[in-house]
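# Fold and contact review
Chain residues, written in single-letter form:
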Amino acid sequence: MAEEKGTAEAEQALVEQWRDLLALHARTQCELDRTLHRHGLCASDFEVLDVLAASAARDVSCGFRVQEIAERVHLSQSALSRLIARLEKDGLVERGLCAEDRRGVRVALTGKGRALHGDVRPVQRAVLTRMLTD
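Predicted model, so just to flag it, every value in this text is computed and none were measured. (Residues numbered from 1 in each chain as written. Predicted model: local features only at pLDDT ≥ 70, side-chain atom pairs only at ≥ 80, totals over all residues. Heavy atoms only, no water.)

### Some thoughts on the overall build of the protein
Quick note on the threshold: The numbering of helices and of strands both runs from the N terminus, where a helix is a DSSP run of H or I of at least 4 residues and a strand a run of E of at least 2. The buried label applies to any residue whose accessible area, calculated with a 1.4 Å probe on protein chains only, is under 20% of its type's maximum; exposed applies above 50%, and partly exposed to all values in between. Here, two residues are considered to be in contact whenever any of their heavy atoms come within 4.5 Å of each other. Only the protein chains shown count as cover for residues, and all accessible areas are computed by the Shrake-Rupley method using a 1.4 Å probe.
Counting its regular elements, the protein contains five helices and three strands. Looking at the protein as a whole, 31% of its 134 residues are labelled buried. Contacts in the protein between residues at least 24 apart in sequence constitute 54% of all its contacts with a sequence separation of at least 6. Accessible surface computed for the protein: about 8,700 Å², of which carbon and sulfur atoms make up 54%.

See below:
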């Protein structure tokens, strides 16, 4: 009986920890969306720009395939394709073939995308610091 009670309490603590994590994620996502909106972006837009900026910093000169981006930003491929189309329309990313590897379409930052990412990165990091630091 005592063992069952201990298991139930441990299980409840685990569920509460999970719910706290979900609540923190939701609050942080909302704050990112609210703050980045001033720059014409939502949190998912910035995540894609951030992933692409990191690839450029690692000298992945031809960017990432959409599937590779999807693995890093946790969006469905269809949602990510729509987001990339919107970023491309805004001149922030470009799609094309990689000169070194002509298999599939790659996505890379444009100069405008790099500049916007550079401007907005400190804002996004400040929100993360504020929301995730106790």
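### Remarks on unusual backbone geometry
Notably, histidine 74 is not glycine yet its phi reads approximately 60 degrees, a positive angle. Turning to its location among the elements, histidine 74 is positioned in the loop between helix 3 (66-73) and helix 4 (77-89). Here histidine 74 falls in the exposed class, since its relative accessible area comes to 68%.

### Looking at helix 5 (residues 111-132)
Rule in force here: Expected helix span is computed as 1.5 Å times (number of residues minus one). What is called the bend at a residue is the angle between a pair of axes, fitted to the seven residues leading up to and ending at it and to the seven starting from it.
Taking 1.5 Å per residue, 22 residues should reach 32 Å; helix 5 reaches 31 Å between its end C-alpha atoms and fits that length. The principal kink in helix 5, of about 35 degrees, is found at valine 120, preceding the proline proline 122 by one to four residues. Of all the positions in helix 5, only Gly113, Leu116, His117, Val120, Gln124 and Val127 are classed as buried.

### A few points about the packing of helix 3 against helix 4
Test applied: Every axis in this analysis is a line fitted to C-alpha atoms, fitted for helices over the stretch in contact. Angles between the N-to-C directions lie between 0 and 180 degrees. To sort the angles, those under 35 degrees are grouped as roughly parallel, those over 145 as roughly antiparallel, those from 65 to 115 as roughly perpendicular, and the leftovers as oblique. Residues are sorted three ways: Asp, Glu, Lys and Arg are charged, Ala, Val, Leu, Ile, Met, Phe, Trp, Tyr, Cys and Pro are nonpolar, and all the rest, Gly among them, are polar.
At their nearest, the axes of helix 3 and helix 4 sit 10 Å apart, and the two run at 105 degrees to each other. Relative to helix 4, helix 3 is oriented roughly perpendicular. Contacts between helix 3 and helix 4 involve Val66, Gln67, Ile69, Ala70 and Val73 from the former and Gln77, Leu80, Ser81 and Ile84 from the latter. Classifying every residue of the contact of helix 3 with helix 4 gives six nonpolar, three polar and no charged.

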